[in-house]
Every structure is written in structure tokens, then in C-alpha cells.
Amino acid sequence: MVTSTTHKAVLTNTTRTTLGLVVLAMDESAEDDFRTLFGEDVRIHVARIKSPEHISVESLQDMAPLITETASLFPSVPLASVGFGCTSATSVIGADKVSELLKAGSDAQNCTNPLTGALAACAHLGVSKCGMVTPYILEVNQTMMDQFEALGSVTTTCLVSFMENADYNVARISPESMYEAAVKLAKDNVGKIDFIFMSCTNLRTLEVISRVESETGLPCLSSNLCWAWHMAQQSGTKVNPSIQSMLLQK
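The name an unreviewed UniProt entry gives the chain is Asp/Glu racemase, with Triparma verrucosa as the organism.

See the structure below:
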């Protein structure tokens, strides 16, 4: 026998800021980092976008037609900011174009991505000479360096890469490997750089940022840190104060 019953409506908690993340299907790190960075104070909705298993300029560009459709999958609730979670794809597609595509699929007035967030963080810290650590192949690295220069007048004076084009393997680069690569880059280029940027949302960087800063004396930025920080700036909320970072302390 089937019977009907009634229910009471639950009002949405309007005291919590809500963010929308477009995260790559292959990404294993961004969601964890955002929940660590924001904790329970911020509600996070995630939509996954089909992404390539192997990274190249061409495969990154192929995501562009999917951004608007993916951004339309969020629940019908006010989003304080919507972000597209791929640093390298943003460098290939173009930061302004990514924002245009996000806005076409959602009602959010504020849009960002890790590249835009990184350049905003550089301006906030007053740094412009980058030592970059990436997992990318050569052609993607070059696009990243070109966009840092074109959009933010940030010069990448040195770069070290794991030359990995399989996104599955990127998520398995150990945090300790990131730490060692960043510290060596800084020590080999004393006086040539004024900050370190670890690029890629799929890298596990959050737990080593404070260690790199302590060892080198330089600000250490990462894709997810900058992306989250910029969304916090846009939405008027704060990143977890327990995370030790020169960016968050300034």
C-alpha cells in the first residue's frame, strides 16, 4: 500500500557563502584542498567537466566548449563566485574567455580561475619574478609563462617541470617531491626570483607551502591556494586562518 504524507520546507542557510567549482573530471586534489581551506563556514558545490587523460595544448583547448554546459549544472541557488579549476587550460583558452563561458552557464557575477587568482596574489604581495614548479610538458609550460607575462607582467625567470602529461600520474607526485623541487629551485636561483608558484590544481601542494616558505624565505603560491584566496576575495569570505601562508597572512 502506498500513502502520501506532507513535509515542511527547510530554508536554505543564508549565513553561509556558497561557491561553485568547475573541477576537472581527472582532478583528485582540488576538492580536498578547498574543503580544507574553507572548512564548514562555506558551502561548496562542485560540477565536474570532462577532461583529457593526457595533457597537451590541443586537449586543453578542447575543454572550452564544455565550460558553459558544466557551469549550468550547479543547483539553483545564489553563488557568490564560480571558478574554473584548471590553470593550464585557462592559459590556453584565455582567462577572459573562461570567465565569459562561466557566466554564460551560471548566474554568478564573480568568476575566476587559478591563473587569474595567481596573478591577483602576485599583485597583492608585490612580487613579479617567478620561480615555477609544474608537472607540464614543454609546450604547456611555455603557454603558462607567456600568459603570466602578458596578463600580469610577471616574468618566469626559472622553471622546473616533472614533464608529466598524464593527469592520473600528476595526482601521484608526492608532496615531498614538490617540496624538494621548490626548495632546490629557490636555492639554485637566489636573487633571481621573489616568489615560487606551484602550478596545477591536481598537485598535492597545500601541506608543503609553509615548509617551502620557511626554508626559502619566499612566498610560495599554488594553484589551489590562489584560486581559493581569490574566490574568498570576490565573495567577501575568509580562508581558514589555521593555514600557514604568506599570502593569507598579508
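Now that the structure has been shown, we can carry on.
Chemist: So what's going on with the environment of V140? Residues and values would help.
Modeler: Along the polypeptide, V140 turns up in helix α7 (residues 138–152). In this structure the C-alpha to C-alpha distance between V140 and S56, which are 84 residues apart in sequence, comes to 6.5 Å. Other than its neighbours up to four places away in sequence, V140 contacts I55, S56, V57, L60 and S88.

Chemist: Lay out the pattern of salt bridges with the relevant residues and their values.
Modeler: For the coordinates displayed, the defined rule picks out eight salt bridges. Residues R211 and E176 are paired through a salt bridge, measuring 3.1 Å at the closest nitrogen-oxygen approach. With R211 in helix α10 (residues 209–216) and E176 in helix α9 (residues 175–188), this pair connects stretches of sequence that are 35 residues apart. Taking relative accessible area as the criterion, R211 reaches 34% and is therefore assigned partly exposed. Judged by its relative accessible area of 35%, E176 is partly exposed.

Chemist: Explain the side chain of S106 residue by residue, including any values.
Modeler: Take S106: it is sitting in the loop between α5 (95–105) and β4 (111–112). Looking at S106, its side chain comes within polar contact range of the main-chain nitrogen of A108, at 3.5 Å.

Chemist: Residue-level account of the nonpolar core, with values.
Modeler: In this structure, F38, F84, F148, I196 and F197 are the most contacted members of the largest nonpolar core, which totals 81 residues. Apart from residues no more than four positions distant in its own chain, F148 is found in contact with L115, A118, L119, C130, M132, S153, V154, T156, F195 and F197.

Chemist: Could you give me a rundown of the sheet that holds strand β2 (residues 42–49), with the residues and numbers involved?
Modeler: Pairing is parallel across the open sheet formed by four strands, whose spatial order is β2-β1-β3-β4. Every other strand in the sheet has two partners, leaving β2 and β4 as the edge strands with one partner each. For strand β3 (residues 81–85) and β4, the ladder comprises two bridges, and the chain directions are parallel. What sits directly across from V82, in β4, is C111.

Reading the values: the criteria
Residues numbered from 1 in each chain as written. Predicted model: local features only at pLDDT ≥ 70, side-chain atom pairs only at ≥ 80, totals over all residues. Heavy atoms only, no water. Helix = DSSP H or I, 4+ residues; strand = E, 2+ residues; numbered from the N terminus. Contact = heavy atoms within 4.5 Å. Salt bridge = Lys/Arg side-chain N within 4 Å of Asp/Glu carboxyl O. Buried < 20%, exposed > 50% of the residue type's maximum accessible area, 1.4 Å probe, protein only. Polar contact = N/O pair within 3.5 Å; in protein donor to acceptor, adjacent residues only side chain to side chain. Core = buried A, V, L, I, M, F, W, Y, C linked by side-chain atoms within 4.5 Å. Pairing = 2+ DSSP bridges.

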